[in-house]
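Below, each chain spelled out in residue letters.
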Amino acid sequence: MQCKRNTAMAKEIPDLVAEARAGTGKGAARQARREGKVPGIVYGDGKDPMPIQLDFNPLLTKLRAGRFMSTLWNLKVEGQEDVRVICRGVQRDVVKDLPTHIDLMRLHRNTRVNLFIHVTFENHEDSPGLKRGGTLVVVRPEVELVVTASDIPDHITVDLTGKKIGDVIHINDVQLPAGAKPTIDRNFVIANIAAPSGLRSEDDAASETVPTTEMGPDVAPVEN
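Rules behind the numbers
- Residues numbered from 1 in each chain as written.
- Predicted model: local features only at pLDDT ≥ 70, side-chain atom pairs only at ≥ 80, totals over all residues.
- Heavy atoms only, no water.
- pLDDT = per-residue confidence, 0-100.
- Contact = heavy atoms within 4.5 Å.
- 1 Å grid on protein atoms, 1.4 Å probe; cavity = no way out; pocket = protein on both sides within 12 Å on 5 of 7 lines; lining within 4 Å.
- Points joined across faces, edges and corners; volume = space filled by probe spheres on them.
- Helix = DSSP H or I, 4+ residues; strand = E, 2+ residues; numbered from the N terminus.
- Buried < 20%, exposed > 50% of the residue type's maximum accessible area, 1.4 Å probe, protein only.
- Pairing = 2+ DSSP bridges.
- Core = buried A, V, L, I, M, F, W, Y, C linked by side-chain atoms within 4.5 Å.
- Domains from an automatic or database assignment.

Some words on the confidence of the model for the protein
- Confidence in the prediction for the protein averages 84 pLDDT; 83% of positions are at 70 or higher.
- With pLDDT under 50 throughout, residues 212-224 is counted as low confidence; its partners more than four residues away or in other chains account for zero contacts.

See below:
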C-alpha cells in the first residue's frame, strides 16, 4: 500500500544577500577580501555575468550549516530584481579552508535542480506497530530530489497508517510531488518500525539459549 500524498506547500527560499562588485580580475578580488568580503560571480539564464561580493561571516555561517550547494537561494542585490540562484562552486584557501570565491548560477523558473527535501511523518496514532510500543526509526530525514525551480515542495509526507512492527518504508512507497523524482535510482529505505527494546531483548535472549537435550541410550553418565 502506498503512503498517502499530502500536498506540500512551496518551499520557502532563503535569502542570500550580496552587493554588486566594481571591477573584475585578481586585483578587485583581493581588494574585496581585504574589506572582509568574498568575491563571486553570477552567470547563466542567457544574461551577462555579474560580479558580486558577499559579507564573509554570514556566508561562512551558511556554508558551515551544510547543504549550501544543494539549496536554492533568493539572491538579493540592492538596486536589482531578486533572482533565484544555486551555488556551482566555492573556492577555498588551501591552508585555512575558508571561502575565497563563489560561483552562482541563475535559474529559470523551469530549470530542474537537485535539492534536499525534508521528510515528515503523519498519523502516528494510526500505526499498530507504534501503538504496541514500536519505535519509528528515521533513516533519511531528508531526501534529495530533482525538482523544478518554480515548484519546490516544502516537504514530502509519509503516512504511517497501518504500519506494523517490522515494516520498512521505501522511497517507492511515497507519492512524490508532481514533477519530482529521486536522484538515486534504487528503492532506498526512508524509515522502519522497530520492535520495542524489551521485546528485542527477549528475542535476543531466546536465540542465545542453548536447548537441553536428553542423553541418548549409548551415552553413559559421567561418574564422579
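Description of the layout of surface pockets
- When its volume is computed, the largest pocket comes out at roughly 310 Å³.
- In this structure, the largest pocket is lined by 15 residues; those nearest its centre are D45, D82, V83, R84 and L107.
- Only β3 (47-55), β4 (73-77) and β5 (83-92) provide two or more residues apiece to the lining of the largest pocket.

Topic: the pairing of strand β6 (residues 99-106)
- Counting buried positions over the eight residues of β6 gives six, a clear majority of the element.
- The pairing of β5 with β6 spans seven bridges and is classified as antiparallel. Paired with V85 across the bridge in β6 is R106.
- Between β5 and the antiparallel strand that follows it, β6, lie six residues; D97 among them carries a positive phi value of about 60°.

Details of the nonpolar core
- In terms of nonpolar packing, the biggest core is built from 26 residues, with L115, V143, L145 and I190 touching the most fellow members.
- Looking at this core, the elements that each hand over two or more residues are β7 (112-122), β9 (142-148), β10 (155-159) and β13 (189-194).
- The leading source of residues in this core is β7, at five residues.
- Taken domain by domain, the makeup of this core includes at least three residues from each of domain 1 (15-107) and domain 2 (113-198).
- With near-sequence residues (within four places) excluded, L145 lies in contact with V113, N114, L115, I117, I156, L176, A180, K181, P182 and T183.
- Listed in part, the 17 residues of the second largest apolar core include A18, V42, L54 and F68.

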